[in-house]
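# Analysis of the macromolecular model
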Amino acid sequence: MTLKKVSDSRCFGGAQQVWSHASDATGCTMRFGLFLPPQANAGRVPALWWLSGLTCTEENFIAKAGAQRVAAELGLALVVPDTSPRGITLPGDRDTWDFGVGAGFYVDATCEPWSQHYRMRRYISEELRSLVEAEFPVDGARTAMSGHSMGGHGALTMALSMPGWIRSVSAFAPIAAPMRCPWGEKALAGYLGQDRAAWAAYDSTALVQSRGWSGPPILVDQGEADPFLATQLRPELLEQAFAAAKVPLHLRLQPGYDHGYHFVSTFIEDHLRHHRAHL
């Protein structure tokens with residue numbers, strides 16, 4: 001697999017890079033961001049994988065979250081995949097902003113035409129994981145994951161499904177129960193079909209009931225002024241499901257904060273320190 005360096009910038013003594021490569025999982029060229037802290041010059045470092053939200057590329061977190069300063073202090077690499085395949089054209093993939101390009105929802109699609117390309121769970125957890133661990137000084141045994149909105153959903157569902165890989169997980173304003181909100185119902189039906197039983201593998205509230213979680217407490221931040229709070233995000237369903245499963249959840253409702261990256265940048269340091277303590 002040929003890696004191509006897209007950019008490389010000195011950053012807090014480390015390096016903020018963007019790479020591209022041909023992906024078998026998505027059938028197209030994919031890009032990802034990688035921050036290597038200065039400690040990576042001396043050996044392998046733990047990593048936080050960040051999954052972004054609807055409409056985003058790898059660039060949003062890199063440019064807006066302000067995570068590199070603390071990551072450099074903690075010796076923590078940051079791996080930032082894209083949110084969907086790019087450079088291919090499928091019928092209807094750009095008709096709306098919440099389905100198709102920029103909206104892969106971190107699932108492995110089973111319905112045509114999406115099943116040939118929209119395999120984001122496989123891409124991240126198998127292909128990109130193997131690539132990063134093989135080509136960069138990243139310790140695959142010390143992995144945390146976090147994300148925002150659609151990416152918060154992705155982080156929670158991957159962690160609950162893959163505790164052997166992801167040792168610590170958190171989220172910002174996650175789509176908590178996609179089987180029970182318009183964004184999730186649209187995406188899961190489109191990518192997976194109408195059999196709702198198949199959707200449960202991508203719903204945190206269902207997964208925590210069936211699989212549990214033996215890792216450290218899960219940190220979730222949610223802005224109380226988020227316009228999507230009541231209809232799309234529904235953190236109360238996450239809280240109820242985790243309580244029923246007796247899984248520790250630290251849900252922090254932040255007064256006055258909305259859904260954007262000012263919210264993420266305000267609390268990202270807390271999340272980085274939370275993960276580093278468990279890696």
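Described below are features of the structure shown in this document. (Residues numbered from 1 in each chain as written. Predicted model: local features only at pLDDT ≥ 70, side-chain atom pairs only at ≥ 80, totals over all residues. Heavy atoms only, no water.)

### Observations concerning the sheet that holds strand 7 (residues 166-172)
Rule in force here: We call two strands paired when DSSP finds no fewer than two bridges between them. Numbering of helices and strands runs from the N terminus; a helix is a DSSP stretch of H or I covering at least four residues, while a strand is a stretch of E covering at least two. Geometry is summarised by axes, namely lines fitted to C-alpha atoms with helices restricted to the contacting stretch, and by angles between N-to-C directions that run from 0 to 180 degrees. Whether two residues are in contact is decided by their heavy atoms: any pair within 4.5 Å suffices.
The nine strands lie next to each other as 1-2-3-5-4-6-7-8-9, forming an open sheet whose pairing is mixed. Pairing within the sheet leaves two strands with one partner each, and these edge strands are strand 1 (3-11) and strand 9 (249-254). Taking the axes of each pair of neighbouring strands and ignoring which way they run, one obtains an average angle of 20° across the sheet. Pairing of strand 6 (residues 138-147) with strand 7, which is carried by three bridges, proceeds in the parallel orientation. Residue pairing for strand 7: M145 is matched across the bridge by V169. Contacting strand 1, strand 2 (14-23), strand 3 (28-36), strand 4 (45-51), strand 5 (77-81) and strand 6, helix 3 (residues 120-135) runs over the sheet at an angle of about 125° to strand 2. Helix-sheet contacts for helix 9 (residues 261-277) involve strand 4, strand 5, strand 6, strand 7, strand 8 (218-223) and strand 9, and the interaxial angle to strand 7 is about 160°.

### Side note on the pattern of salt bridges
Think of it this way: side chains of opposite charge can pair up when their charged atoms draw near. Quick note on the threshold: What counts as a salt bridge is simple: a side-chain nitrogen of Lys or Arg found within 4 Å of a carboxyl oxygen of Asp or Glu. Partly exposed residues are those whose accessible area sits between 20% and 50% of the maximum for their type, while under 20% is buried and over 50% is exposed, using a 1.4 Å probe and protein chains only.
Applying the stated rule across the entire model yields 14 salt bridges. Here K5 and D8 are joined by a salt bridge, their closest N and O atoms 3.0 Å apart. The exposure class assigned to K5 is partly exposed, which follows from its relative accessible area of 42%. Judged by its relative accessible area of 39%, D8 is partly exposed. Of the charged contacts, one joins D139 and R142 as a salt bridge, the two residues approaching to 2.8 Å between their closest N and O atoms. Take R142: its relative accessible area is 21%, and that puts it in the partly exposed class.

### With respect to the environment of H148
Relative to the elements of secondary structure, H148 occurs in the loop between strand 6 and helix 4 (150-161). Look at H148 and you get buried, because its relative accessible area is 6%. The contacts of H148, once residues within four sequence positions are left out, are W50, L51, S52, G53, F172, A173, H259, Y261 and V264.

### Structural notes on the packing of aromatic side chains
For any pair of aromatic rings, geometry is given as the distance between the ring centres together with the angle between the planes. Definition in use: Only Phe, Tyr and Trp rings take part, Trp by its six-membered ring, and two of them pair if their centres are within 6.5 Å. Stacked means planes under 30 degrees apart, edge-to-face means over 60, and tilted covers everything else.
What the rule picks out here adds up to 16 aromatic pairs. Measuring from centroid to centroid gives 5.7 Å for F172 and F263, while their planes differ by 80°, and the two rings are edge-to-face. On the criterion of sequence distance, the pair formed by F172 in strand 7 and F263 in helix 9 is long-range, its members being 91 residues apart. Assessed through its relative accessible area of 0%, F263 is described here as buried. The interplanar angle of 50° and the centroid separation of 4.8 Å between the aromatic rings of W183 and F228 together place this pair among those described as tilted. Placement of the pair is W183 in helix 5 (residues 182-192) and F228 in the loop between strand 8 and helix 7 (229-233), with a sequence separation of 45 residues. Classification of F228 by relative accessible area gives partly exposed; the value is 26%.

### Brief notes about unusual backbone geometry
A cis geometry characterises the amide bond from E112 onward to P113, with omega recorded as 0°. Among the structural elements, P113 can be located in the loop between strand 5 and helix 3. In this structure, Y106 takes a positive phi of about 60° despite not being glycine. Phi at A173 is positive, roughly 45°, even though this residue is not glycine.

### Digging into helix 8 (residues 235-245)
Threshold: What the arc covers is the set of directions going from the helix axis to the C-beta atoms.
Those residues of helix 8 that fall on the buried side of the exposure criterion are P235, L237, L238, A241 and F242. On an axial view of helix 8, the arc spanned by its buried residues comes to 155°, and they lie on one face. Opposite its buried face, helix 8 presents the exposed residues A243 and A244, each directed more than 90 degrees away. Check the buried side of helix 8 and you find it contacts helix 4, helix 6 (204-211), strand 8, helix 7 and strand 9.

### Some points on the nonpolar core
Filter applied, for reference: The term nonpolar core refers to a set of buried residues drawn from Ala, Val, Leu, Ile, Met, Phe, Trp, Tyr and Cys, joined through side-chain atoms within 4.5 Å.
If you look at the biggest cluster of nonpolar residues, it comprises 93 residues, and the most contacted ones within it are W49, F61, I124, M145, Y191 and L272. Excluding residues within four positions of it along the chain, W49 makes contact with V79, P81, I124, L128, R129, V132, T143, A144, M145, S146 and W165.

### Here we look at the side chain of H259
What counts here: Here a polar contact is taken to be a pair of N or O atoms separated by no more than 3.5 Å, where protein atoms must pair a possible hydrogen donor with a possible acceptor and residues adjacent in sequence count only if both atoms sit in side chains.
Structurally, H259 can be placed in the loop between strand 9 and helix 9. Using a relative accessible area of 12% as the deciding quantity, one classes H259 as buried. Within polar-contact distance, the side chain of H259 engages the side chain of D226 at 2.5 Å. Residues within four places of H259 in sequence aside, it is in contact with H148, S149, A173, D226, P227, F228 and L233.

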